[in-house]
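Below are the chains, spelled out letter by letter.
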Amino acid sequence: MCDHGAEDLPPLADHPEDRVHEPNQQARVTALCAGLGIAATATAVALGARGPWPVLLPLLTLAVLHAFSESQIAIPHDQLASSAGVMLCMGAMVVFRDSESYLGPMLVGAAGCLNIPHLMGWEWRKLLFNASMFAFAALAGTSVLWFIVGSGHAPPAELLLASLPAALAYAVVNLVLVALVIALATGQRLLAMIGLVSKEYLIYLPFAFLGVFLGELYLEYGVVLVPLFVVPILVARQAYSAYLAEKEQHEATVRILIGALEAKDPYTAGHAERVATYVHYIGIELGVPASRLERLRLAALMHDVGKLVVPNHLLNKPGKLTAEEFTQVRRHEEVSFEILTRIDFLAPVARSATTKAGEFAPVADERDQPIEPHIVAVADAYDAMTSTRSYRKALTQEIAFTELQQNAGKQFDPRVVDALISALRRRGEVHGRGHEAAVHHEDAPEAGTGSAGLGDLMPDTDGSKVAR
Amino acid sequence: MTRASRVLIVAALGALAAAVTQVLDPGGPWSALVVLGAAIVLGEFFLLRPGRRAPLPLSFAFVMVLMRAASSGDFALVLLGALAVAFVLRPARSMSARLVTTASRLVGAAAALGVYLLILELALRPDEIGVVLLALGAAGVVQIGVDDAARMLRARHLSWSIDGRLADLALVTSGMLMSVAYRGTDGTEGMGLWAPLLFSIPLLAAWYSYKRLASIRRTHEQTITALSVVPELAGLARSGHAERVADLSVALGDDLGLGRHELEYLRTAALLHHLGHLCLDDPEVRGVPIQPSEVSDKGAEILRRTGYLSAGDLLASDSASLGGQILRVASAFDELSVGDAAFADAAVEALFSGPGYVYDARVLGALERVVIGTAVPARF
């Protein structure tokens, strides 16, 4: 997303008509695109008339590469899957510096609009908007760079330094125009949109540096080095896109599992995702490193996989379970454990899926005791208590907190319990009676014993306490 | 020893050696050559692993730079030193494997240098950038070719695939760029060591991406396989059923000429074809036996709802697609043969003798070829 084309952002994603509801907004977006287009054309004509014209070979090379790299955006909204557009525009700013042809970088920028899906669908507003937006962004960067460096020989270090403000100018035009069109299309506030997209500005800088080298190499050795420069970058980006695509596929597979669980037990709809959210909160609170947060998230999403083997009528049984049924239900932990163990990435935290995970045992050597299972256990118990199940209504958040605190040090790891409570308090989130998403379970009993939550498994005698 | 510690050792040794040569021979070429040698060693620890392609070391690019930076004698000296260090630090498999790798690197580098010098020798204007690039490109390709050849020799099997060759392209183009920028051509000024440093960034980005890709791919495959055994753990299917049906489906699909993507969908659908069973109520509870079509439709519904449209369509009981037919035949075959090769013939016969509208004739033909013919079901 080095460059935000209109493609990058949800409101103008493939079907703008889905998002742009009011005809009024439609008209405003069209007016903006047309206005920008006219302004860009007029600027280009004025610059062309004043001359000089850019040299054809670098112009074509860089423009084609820009168009190509913009067409390649496989998965927007990710940092490294970014387009190399700013690099090519920066390269053009360096290459055309000596001839002082402003038209060069502008045309190279405009070529970035040539995105194949947009062309195939003849989405003229997107084409026009992207062409003018990129042209103006490149023009802004060019003006800044040339103003600072001037013409004639400049040492590479000076160019590198000057590329910073130039990239900033490019980014500002890019971001503001894209934020503007999104704000117009969705009726959101412009400033909010700018805030949203500007977070990604930093990624421009390395590409801007690379662009300076690209330009210098071009000037030194000619056009032949340009593909050598661009190909590895495109290959790296392609590899990253392939990774993101595979990750997406994996997410879909995990959703299959959750979908199957929810088909069995509608009361647990959203349970896995909520546990994943709480687990994330706790992980951040406890300073779990980012590399392990992902494993934690997947363990949370999959911790109930074993419930697939529990017959539906037991999973949804409103009353008490017989001893035999209870054994049958308990088998799900074994199965969950076995399944998670089969996945190398999750094997170290497979204990997340068992009630043993929750049984807190302070040990001398903490390195042998990954904290993830404790985190999942607490998050699981908390969500089980604060959501309505087939056998009882949701408890309030305060009851759930008290329950967790009372069992901290016995069943739950106290650090984890404290982390969850403070994370939720700080975020001001309230879960539990009346706040849970599935409020339609009005007929659920007030209390009872059932099977759906790990914390709820023990045959219960007094009915008021649920998580044990 | 982890990669991080190996990298640290080489970096520290390289820096030390470069400093010493700088002191002994100020302004001489040797400190740069020592750094390039260290880069070659480091490159041996960073292997691009795109998908099914065998790993490709980044060191090939740095060998190209060394070619451009050093005389032939110095090249040989630095290369031998680098390979010796790499030999010691190489993640140990067997000693013989390390020896073979080192030998193939030596042959590759020597052949590459030979080709490079030959092209420059034959060229009328060896300083022309086009000529230099041609020689460098050829040297890069030769290194990869020797590596491929060594691998085929060791496997005693001739095979070459286009899979993952984008990585080769990135490696060779980066190597060419680094080498030209290192020394310049035809009177241009070079960037020196900045060139390999700067232009290895995209290669490292590619290395990182391929690494993440491989790891998520493995996790994904294991997740699907793990899900596929849940019906077996629940006692709803014979042990190994999903895996066998998946293997057979892919073999049948391959025989009938399905493409790679279709085979992938087919494999997913086959592995998960009993998933729907888990979501249906017990027959005792609902009082009606479960129909196979209910199982497939429930599974298809879940797959479709979770974004696996193609695999879901294959699974649906009314699927008329070839993939759906394959899945049905493979599953029925495994039920009939109870997963035992001894019953294979009988099972094929039983499927053939059923009414013609139940199973697709093309698929039955393929089944006969795959199961009874010489072909062993190929793993996908």
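In this text the structure is predicted, and so the values were computed from the model without any measurement.

1. Things to note about the overall build of chain A
Next up, step 1: Counting its secondary structure elements, chain A contains 18 helices and 0 strands.
Next up, step 2: Here chain A holds 468 residues, and the buried ones make up 56% of them.
Next up, step 3: The contacts of chain A with a sequence gap of at least 6 include a subset with a gap of at least 24, amounting to 75%.
Next up, step 4: Accessible area of chain A: about 18600 Å², with a carbon and sulfur share of 63%.

2. Some remarks on the interface of chain B and chain A
Next up, step 1: Counting residues at the interface gives 55 residues for chain B and 46 residues for chain A.
Next up, step 2: Between chain B and chain A we count 2 salt bridges in total.
Next up, step 3: Residues Glu246(A) and Arg217(B) are paired through a salt bridge, measuring 3.7 Å at the closest nitrogen-oxygen approach.
Next up, step 4: Listing elements by their share of the side of chain B that touches chain A, those giving two or more residues are α6 (129-155), α7 (165-183), α8 (194-199), α9 (201-228), α10 (230-233), α13 (275-279) and α15 (292-305) of chain B.

3. Structural notes on the nonpolar core
Note that soluble globular proteins tend to have their nonpolar side chains buried in a common cluster.
Next up, step 1: Counting 141 residues, the largest nonpolar core has Met87(A), Phe129(A), Leu225(A), Phe229(A), Phe75(B) and Phe199(B) as its most contacted members.
Next up, step 2: Residue contributions to this core peak at 15 residues, all from helix α8 (residues 156-186) of chain A.
Next up, step 3: The residues contacting Phe229(A), other than those within four sequence positions of it, are Met87(A), Leu210(A), Phe213(A), Leu214(A), Leu217(A), Leu177(B) and Phe199(B).
Next up, step 4: Of all hydrophobic cores here, the second largest spans 104 residues; its members include Ala252(A), Tyr281(A), Val309(A) and Ile371(A).

4. Brief notes about empty space enclosed by the protein
Next up, step 1: Within this structure, the stated rule accounts for 5 cavities of 30 Å³ or more.
Next up, step 2: Space inside the largest cavity adds up to approximately 90 Å³.
Next up, step 3: Lining of the largest cavity is provided by Ile258(A), Leu261(A), Glu262(A), Asp265(A), Thr268(A), His271(A), Ala272(A), Asp304(A), Lys307(A) and Leu315(A).
Next up, step 4: Computed from the structure, the second largest cavity encloses a volume of approximately 80 Å³.
Next up, step 5: For the second largest cavity, the lining is made up of 14 residues, of which Phe60(B), Val63(B), Arg105(B), Ala109(B) and Gln143(B) are closest to its centre.

5. Some points on the confidence of the model for chain B
Next up, step 1: Averaged over all residues, the pLDDT of chain B equals 85, while 96% of them reach at least 70.
Next up, step 2: Per-residue pLDDT stays below 50 along residues 374-380 of chain B; that stretch engages in 15 contacts with residues further than four places along the chain or on separate chains.

6. Concerning the packing of helix α3 (residues 59-69) of chain B against α6(B)
Residues and elements named next belong to chain B.
Next up, step 1: Two elements in contact, α3 and α6, have axes separated by 10 Å at closest approach and are oriented at 140°. Classed by the angle they form, the pair α3 and α6 counts as oblique. Between α3 and α6 the crossing geometry is right-handed. Mapping the contact onto sequence places Phe-60, Val-63, Met-64, Met-67 and Arg-68 in α3 and Val-132, Leu-136, Ala-139, Gly-140, Gln-143, Ile-144 and Asp-147 in α6.
Next up, step 2: Of the residues belonging to the contact of α3 with α6, the class tally is 8 nonpolar, 2 polar and 2 charged.

7. Points about helix α18 (residues 414-427) of chain A
Residue and element names in this part refer to chain A.
Next up, step 1: The terminal C-alpha atoms of α18 lie 20 Å apart, and with 14 residues this matches the ideal 20 Å at 1.5 Å per residue to within 8%.
Next up, step 2: Of the positions making up α18, those classed as buried are Val-416, Val-417, Ala-419, Leu-420, Ile-421, Ala-423 and Leu-424.
Next up, step 3: Among the structural elements, α12 (271-285), α16 (372-386) and α17 (397-407) are those in contact with the buried residues of α18.
Next up, step 4: Where α18 begins, one side-chain oxygen reaches toward the backbone nitrogen of Arg-415, 2.9 Å away; that side chain belongs to Asp-413.
Next up, step 5: Of the residues flanking the end of α18, it is Gly-428, one or two places downstream, whose phi is positive at about 70°.

8. A short note on the environment of Val86(A)
Next up, step 1: Relative to the helices and strands, Val86(A) is located in helix α4 (residues 85-95).
Next up, step 2: Owing to a relative accessible area of 1%, Val86(A) belongs among the buried residues under this scheme.

9. Description of the packing of aromatic side chains
Next up, step 1: Under the criterion given, the structure shown has 6 aromatic pairs over all chains.
Next up, step 2: Relative to Trp146(A), the ring of Tyr102(A) lies with its centre 4.6 Å away and its plane at 55°, an arrangement referred to as tilted. Here Tyr102(A), found in the loop between α4 and α5 (103-110), pairs with Trp146(A), found in helix α7 (residues 124-149); they are 44 residues apart in sequence, far enough to count as distant.
Next up, step 3: Look at Trp146(A) and you get buried, because its relative accessible area is 7%.
Next up, step 4: With centroids separated by 4.7 Å and ring planes inclined at 70°, the aromatic side chains of Phe46(B) and Trp207(B) adopt a geometry described as edge-to-face.

10. Remarks on the pattern of salt bridges
Next up, step 1: Taken as a whole and judged by the stated rule, the model has 33 salt bridges over all chains.
Next up, step 2: The salt bridge involving Arg425(A) is made with Glu398(A); its shortest N-O contact spans 3.5 Å. One end of the pair, Arg425(A), is in helix α18; the other, Glu398(A), is in helix α17, with 27 residues separating them in the sequence.
Next up, step 3: Overall, the relative accessible area of 48% leaves Arg425(A) in the partly exposed class.
Next up, step 4: Residues Asp360(B) and Arg362(B) are paired through a salt bridge, measuring 3.0 Å at the closest nitrogen-oxygen approach.
Next up, step 5: On the accessibility criterion, Arg362(B) (48% relative accessible area) is partly exposed.
Next up, step 6: Within this structure, Glu44(B), Arg53(B), Arg90(B), Arg105(B), Asp147(B), Asp148(B), Arg151(B), Arg165(B) and Asp168(B) form a network of salt bridges that share partners.

11. Points about the environment of Ala40(A)
All names here are of chain A.
Next up, step 1: Of note, Ala-40 is situated in helix α2 (residues 23-50).
Next up, step 2: Considered as a pair, Ala-40 and Met-106 are 66 residues apart in the sequence and their alpha carbons are 9.2 Å apart.
Next up, step 3: If we skip the residues at most four places from it in the chain, Ala-40 touches Met-106, Ser-132 and Phe-136.

The rules behind each value
- Residues numbered from 1 in each chain as written.
- Chains lettered and ligands numbered in written order.
- Predicted model: local features only at pLDDT ≥ 70, side-chain atom pairs only at ≥ 80, totals over all residues.
- Heavy atoms only, no water.
- Helix = DSSP H or I, 4+ residues; strand = E, 2+ residues; numbered from the N terminus.
- Buried < 20%, exposed > 50% of the residue type's maximum accessible area, 1.4 Å probe, protein only.
- Contact = heavy atoms within 4.5 Å.
- Areas by Shrake-Rupley, 256 points an atom, 1.4 Å probe, with all protein chains shown as cover.
- Salt bridge = Lys/Arg side-chain N within 4 Å of Asp/Glu carboxyl O.
- Core = buried A, V, L, I, M, F, W, Y, C linked by side-chain atoms within 4.5 Å.
- 1 Å grid on protein atoms, 1.4 Å probe; cavity = no way out; pocket = protein on both sides within 12 Å on 5 of 7 lines; lining within 4 Å.
- Points joined across faces, edges and corners; volume = space filled by probe spheres on them.
- pLDDT = per-residue confidence, 0-100.
- Axes fitted to C-alpha atoms, helices over the stretch in contact; angles between N-to-C directions.
- Parallel < 35°, antiparallel > 145°, perpendicular 65-115°, else oblique.
- Left-handed = near helix turned anticlockwise from the far one by under 90°.
- Nonpolar A, V, L, I, M, F, W, Y, C, P; charged D, E, K, R; others polar.
- Expected span 1.5 Å × (residues − 1).
- Polar contact = N/O pair within 3.5 Å; in protein donor to acceptor, adjacent residues only side chain to side chain.
- Phe/Tyr/Trp six-rings, centres within 6.5 Å; stacked < 30°, edge-to-face > 60°.

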